[in-house]
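# Breakdown of the fold
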Amino acid sequence: MIDEDDYLYFACRALDGMTGIVAELGDDLANVRPPFPGANSPHALLTHCLGVVSYWAGALVAGREVVRDRDAEFAAAGPVGPLLERAAAVRDRLAVDVRAARPAEPLRGTPPAAFLGPARELTQGAALLHVYEELAQHHGQMEILRDWIVASATASTPDPGIGSRMRGQS
């Protein structure tokens, strides 16, 4: 159906897109939360996605013990450097986990209901599809969030060049 290289191409494309946005925004703007109920910062969304990849691919597919505090992921804030380093390590580990996966076999654990995964029995392959689902949807969410943050920062700063620099157009 789909081979490992194709899966990793699309999953890593979404993950790399998110890390690129967080890197572009930098320490201050990557931690901005819009004033909407339940809104997250780009830093928190990337932290959440790293938790998704680590748990679903690492624990449920590869069988590693992974300790995850899902609620804390959405409250995460801080400098982007360490987050980007963690993202690179998670990305590398994902490639190893995907190559070792047995797509038709059952998961190597049962996800807690609070993790809001698919509401059915999953195979390892389905868990990896869930990882991609999360990465793709949060990448799109982060693109819109970035646009809002940049527009808000541009409106509140006397430097008219901030918007173009944030998109790498300087």
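Residues numbered from 1 in each chain as written. Predicted model: local features only at pLDDT ≥ 70, side-chain atom pairs only at ≥ 80, totals over all residues. Heavy atoms only, no water.

### A few points about the overall build of the chain
- Helix and strand content of the chain: six helices and zero strands.
- Counted from the first residue to the last, the chain has its helices and strands arranged as α-α-α-α-α-α.
- Taken over C-alpha atoms, the radius of gyration comes to 17 Å for the chain, in line with the 15 Å a tight globule of 170 residues would show.
- Along the three orthogonal principal directions, the C-alpha set of the chain runs to about 55 × 30 × 25 Å.
- When the 170 residues of the chain are sorted by exposure, 43% land in the buried category.
- Of all intrachain contacts in the chain linking residues separated by at least 6 positions in sequence, the fraction that spans at least 24 positions is 73%.
- With an accessible surface of roughly 9000 Å², the chain has 56% of that area assigned to carbon and sulfur atoms.
- Here the chain carries 15 positive and 22 negative side-chain charges, and the mean point of each set is 1 Å from the other. (Helix = DSSP H or I, 4+ residues; strand = E, 2+ residues; numbered from the N terminus. Rg over C-alpha atoms; globule rule 2.2 N^0.38 Å. Buried < 20%, exposed > 50% of the residue type's maximum accessible area, 1.4 Å probe, protein only. Contact = heavy atoms within 4.5 Å. Areas by Shrake-Rupley, 256 points an atom, 1.4 Å probe, with all protein chains shown as cover. Lys, Arg positive; Asp, Glu negative; His and termini not counted. Charge placed at Lys NZ, Arg CZ, Asp CG, Glu CD.)

### Things to note about the environment of alanine 100
- Its location among the elements puts alanine 100 in helix 4 (residues 80-100).
- Using a relative accessible area of 45% as the deciding quantity, one classes alanine 100 as partly exposed.
- Distance in space between the C-alpha atoms of alanine 100 and alanine 126 is 15 Å, their sequence separation being 26 residues.

### A look at the nonpolar core
- Counting 43 residues, the largest nonpolar core has Leu46, Trp56 and Leu135 as its most contacted members.
- Contributions of two or more residues to this core are made by helix 1 (4-29), helix 2 (42-61), helix 4 and helix 5 (124-155).
- Excluding its chain neighbours within four sequence positions, the residues that come into contact with tryptophan 56 are Val61, Arg68, Pro111, Gly117, Pro118, Leu122, Ala127, His130 and Val131. (Core = buried A, V, L, I, M, F, W, Y, C linked by side-chain atoms within 4.5 Å.)

### With respect to helix 2
- Between its first and last C-alpha atoms helix 2 spans 27 Å; for 20 residues at 1.5 Å apiece the expected length is 28 Å, and the two agree.
- Looking one or two places after helix 2, you find glycine 63, whose phi comes out positive at around 85°. (Expected span 1.5 Å × (residues − 1).)

### Let's talk about the confidence of the model for the chain
- Looking at the chain as a whole, its pLDDT mean stands at 91, while 91% of the residues score no less than 70.
- Across residues 160-170, where pLDDT falls below 50, the model places 16 contacts with residues more than four positions away in sequence or in other chains. (pLDDT = per-residue confidence, 0-100.)

### Quick look at the side chain of histidine 139
- Mapped onto the secondary structure, histidine 139 falls in helix 5.
- Setting aside its immediate chain neighbours within four residues, histidine 139 contacts Ala14, Gly17, Met18 and Ile21.

### Observations concerning the environment of arginine 91
- Structurally, the position occupied by arginine 91 is in helix 4.
- Among the residues examined, arginine 91 registers a relative accessible area of 30% and is labelled partly exposed.
- Put simply, arginine 91 and aspartate 16 are 75 residues apart on the chain and 8.7 Å apart in space, counted from C-alpha to C-alpha.
- Dropping the residues within four chain positions of it, arginine 91 is found in contact with Cys12, Leu15 and Asp16.

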